[in-house]
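# Structural description and commentary
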Amino acid sequence: MSAYVSGDSYVGQYGGVIERYWFSSNGVGIFVPKDIHVPLFVSINQTGDNQICLSAKFAKPYINIEHQKPKLTYTICYAENVLAIHQYMSGKFIRKPEGIPDERMIKYPVWSTWAQFKKDINQSTVLKYADDIIKHGFNHSQIEIDDDWTSRYGDYEFNKFKFPDVDQMMQNLIKKGFRVTLWVHPWVNSDAQSFQQNTFQYFLMEPRLNFPALNKWWDGISSALLDVTNPDSVTWFVNKLKNLQQKFGISSFKFDGGETNWLPKGPYRLKVPHMNPETYTELWSELAYKADSMTKHQEVRVGAHSQHLPIFVRMMDKESNWGWSNGLRTVITDALTFGLIGYPFVLPDMIGGNAYNGSLTGKAYPPKELFIRWLQASLFMPSIQFSIVPWQYDQETIEICRNMTQLRDRYTNLFIRLAKEAVDTGYPIVRPIWWVAPTDEVALTIDDEFLVGDKLLVSPVIEGNQRSRDVYLPSGRWHDELNDIILSGPSWYRNFKAELHQLPFFTKTN
């Protein structure tokens, strides 16, 4: 059994977006409250018995701050089918978003420097990246400058050698219509200017020393971690971000980290102690919202009891492969899971994955076919994100990608309408097929198709070297948007043709 807290899915932990909520296709649901005396451990199918096991015990990473015995508190509900149980329990136990994120981020792609350039970024690189986006006829919501724009991790000032004239760069980008966001995180490395005696109060501390509890992360081996339970720490950090906005015109931020596995492995002290380390995840998301509470075009990659925040939640970094090993096959299932546990504003990870080759600095770009199919699988999700550029392949790739984004443009009003509906209902924007067929035994098993709302069904090709796929349509009459014909369900349509430039999708008709 493992502690049921946000963690690093890369090393087999539960992911960064999590909720103490499960339900089954036979109409049974379980909810465990975030209670101070429920230090929850969970196993799922651990011995191959298809069972879920829940336990409460005070063991790492939980801290028994009140010296009480643990208790396992839970609610079990039953309804006639999977949809009924989910709508009842999510309505009763999960908060609804209090608004919607920035509409421009829904309408147009985010362009990140990360997968294309990794840390090899500078002022010239960013400006050429922006020029190439315009040159090749693509829209944009914002350009995101990712890792290694600072001199040291934790100092939120541009590296002057890489970015010698930030004012000029920003004026150039803004004049061309770009908003600019920056990658930020909760760590301060020990070589940073921000790591000094008068700032130690803002970090997680050693239990009995007036010194930060140092830990390591992927960009540092001796780093302090922001204490998000301390209001003064939050103000100090947010003010650093506000300074970037006011000084240079930076519009918002990509918030990385926030999972509990990055907390110090040894004892540490918080300003406000908490039993559940997942409070860190929750408060980091709250901080992210405070940094851009007006336009709301930031992104986080974690979620824990923070469904009320009207911000985009990004999937964890994906590998550039076709399969279930954190590749393309997991994009749809991740999006469905996020929505069902109360996070409708899903930001899929970068199209084509992160191009890792066993190293965070790798540039193992995906083959052309995988890149195009990845775009098609992401196209009808609440937002999309490029980094690897279509023009590094060939003219056909550019044209397919441009046509696909233009196709998406026709449906952005639908995404915005569904986003607004989510505020009232809590329903996901991206929905499983069983949402419209909760007693259909086949629909309950489909994991490579999805609905947008109730009437738009998407069936992307997500296997390599394929120019067709089997499509399942639930009950009703469906307009085949590729071939302009009406198909009836419930039925399988075997070997449905889908050339590389084609995305099968269907609209339900009356």
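Structural notes, computed from the coordinates.

Here we come to the packing of aromatic side chains. Per the stated rule, a full pass over the model turns up 46 aromatic pairs. For the ring pair Trp-187 and Trp-217, a centre distance of 4.3 Å and an interplane angle of 5° mean the geometry is stacked. Taken together, the positions of Trp-187 in strand β11 (residues 187-189) and Trp-217 in strand β12 (residues 215-217) put the pair 30 residues apart, joining distant regions of the chain. In this pair, the class of Trp-187 matches that of Trp-217, namely buried.

One open sheet holds the 6 strands; their spatial order is β20-β21-β22-β25-β23-β24, and the pairing between them is antiparallel. Two strands in the sheet have a free side with no partner beyond their single neighbour: β20 (430-431) and β24 (485-497). Packed onto the sheet, helix α11 (residues 412-425) meets β20, β21 (450-452) and β22 (456-458) and runs at close to 90° relative to β21.

Because each turn of an α-helix spans 3.6 residues, side chains separated by three or four positions in sequence point in the same direction. Taken together, the buried positions of helix α5 (residues 166-175) are occupied by Val-166, Met-169, Met-170 and Leu-173. All buried residues of α5 fall inside an arc of 95° around its axis, so they share one side. Exposed positions of α5 whose direction lies more than 90 degrees from the buried face are Gln-171 and Lys-175. Residues of α5 that are buried sit in contact with α4 (123-135), β9 (142-145), β10 (180-184) and α6 (231-248). Of the residues trailing α5, Gly-177 is marked for its positive phi of about 95°.

Moving on, we come to the pattern of salt bridges. Counted according to the given criterion, the structure contains 26 salt bridges. Between Lys-128 and Asp-132 there is a salt bridge; the shortest N-O distance is 2.8 Å. Of this pair, Lys-128 and Asp-132 both sit in helix α4, 4 residues apart, which is roughly one turn of that helix. Using a relative accessible area of 52% as the deciding quantity, one classes Lys-128 as exposed. For Asp-132, a relative accessible area of 12% corresponds to the buried category.

Let's shift gears to unusual backbone geometry. Cis geometry marks the peptide bond from Lys-60 to Pro-61, where omega comes out at 10°. Relative to the assigned elements, Pro-61 resides in the loop between β6 (52-56) and β7 (75-78). At the junction of Gly-489 and Pro-490, the peptide bond is cis and its omega measures out at 10° in the coordinates. In this model, Lys-296 sits at a positive phi of 65°, which is unusual for a non-glycine residue. The class of Lys-296 is buried, set by a relative accessible area of 17%.

All right, on to the environment of Val-180 then. Along the chain, Val-180 turns up in strand β10. Spatially, the C-alpha atoms of Val-180 and Ser-222 are 30 Å apart, while their sequence positions differ by 42 residues. Non-local contacts of Val-180, meaning those with residues more than four positions away in its chain, are made with Ile-143, Ile-145, Met-170, Leu-173, Ile-250, Ser-251 and Ser-252.

To continue, consider the nonpolar core. Membership of the largest hydrophobic core comes to 130 residues, with the highest contact counts inside it found for Trp-149, Phe-158, Met-169, Phe-255, Phe-380 and Val-452. Take this core: its biggest share by element is 7 residues, from α6.

Taken together, the side chains of Ile-36, Ile-63 and Ile-65 make up a nonpolar region of the molecular surface, amounting to roughly 200 Å² of accessible area. Within the secondary structure layout, Ile-63 lies in the loop between β6 and β7.

Either a parallel or an antiparallel arrangement is found when strands of a sheet pair, and the pairing is made through backbone hydrogen bonds. With parallel pairing, the 8 strands of this open sheet are ordered in space as β18-β17-β15-β14-β10-β9-β8-β19. Every other strand in the sheet has two partners, leaving β18 (346-347) and β19 (385-386) as the edge strands with one partner each. Note: strand β17 (residues 312-314) against β18, 2 bridges, orientation parallel. For Arg-314, the partnering residue across the bridge sits in β18 and is Leu-347. Relative to the sheet, α4 contacts β8 (110-112), β9 and β19, its axis offset from that of β9 by approximately 155°.

Quick look at the environment of Gly-327 now. Structurally, Gly-327 is set in the loop between β17 and α8 (329-340). It is 33 Å that separates the C-alpha atoms of Gly-327 and Ile-485, two residues lying 158 residues apart in sequence.

This part is about helix α9 (residues 368-378). Along α9, 10 of the 11 residues are buried, which leaves the element largely enclosed by surrounding structure. All of the buried residues in α9 are Glu-369, Leu-370, Phe-371, Ile-372, Arg-373, Trp-374, Leu-375, Gln-376, Ala-377 and Ser-378. Looking at the buried residues of α9, the elements they touch are α8, β19, α10 (395-409) and β21.

All right, on to the state of the cysteines then. Joining two cysteines, a disulfide is a covalent bond between their sulfur atoms. Counting across every chain of the model gives 0 disulfides. Free cysteine Cys-77: the closest other cysteine sulfur is in Cys-53, separated by 20 Å. For Cys-77, a relative accessible area of 13% gives the class buried.

For the pair α9 and α10, interaxial distance at closest approach is 10 Å and the crossing angle is 5°. Taken together, α9 and α10 sit at an angle that is classed as roughly parallel. Residues Lys-368, Phe-371, Ile-372, Leu-375 and Gln-376 of α9 form the contact with α10, whose participating residues are Glu-396, Thr-397, Ile-400, Cys-401 and Met-404. A class-by-class count of the residues in the contact of α9 with α10 yields 6 nonpolar, 2 polar and 2 charged.

The next subject is the pairing of β24. Looking down a regular strand, the side chains alternate between one sheet face and the other. In the sheet, strand β23 (residues 468-480) pairs with β24 via 10 bridges, with the strands oriented antiparallel. What sits directly across from His-479, in β24, is Ile-486. Taking the residues between adjacent antiparallel strands as the criterion, β23 and β24 are bridged by 4 residues, where Asp-484 takes a positive phi near 55°.

In terms of strand pairing, β11 meets strand β13 (residues 220-225) through 3 bridges, oriented antiparallel. Residue pairing across strands places Val-188 opposite Ala-224, the latter belonging to β13. Bridge analysis of β12 against β13 gives 2 bridges, and the strand direction is antiparallel. Bridged to Trp-217 within β13 is Gly-220. Hairpin connection, β12 to β13: the antiparallel pair is bridged by 2 residues.

Cut-off values and rules
- Residues numbered from 1 in each chain as written.
- Predicted model: local features only at pLDDT ≥ 70, side-chain atom pairs only at ≥ 80, totals over all residues.
- Heavy atoms only, no water.
- Phe/Tyr/Trp six-rings, centres within 6.5 Å; stacked < 30°, edge-to-face > 60°.
- Helix = DSSP H or I, 4+ residues; strand = E, 2+ residues; numbered from the N terminus.
- Buried < 20%, exposed > 50% of the residue type's maximum accessible area, 1.4 Å probe, protein only.
- Pairing = 2+ DSSP bridges.
- Contact = heavy atoms within 4.5 Å.
- Axes fitted to C-alpha atoms, helices over the stretch in contact; angles between N-to-C directions.
- Arc of directions from axis to C-beta.
- Salt bridge = Lys/Arg side-chain N within 4 Å of Asp/Glu carboxyl O.
- Core = buried A, V, L, I, M, F, W, Y, C linked by side-chain atoms within 4.5 Å.
- Patch = residues over 30% accessible without salt bridge, like charges linked within 9 Å, V, L, I, M, F, W, Y side chains within 5 Å.
- Areas by Shrake-Rupley, 256 points an atom, 1.4 Å probe, with all protein chains shown as cover.
- Disulfide = S-S within 2.5 Å.
- Parallel < 35°, antiparallel > 145°, perpendicular 65-115°, else oblique.
- Nonpolar A, V, L, I, M, F, W, Y, C, P; charged D, E, K, R; others polar.

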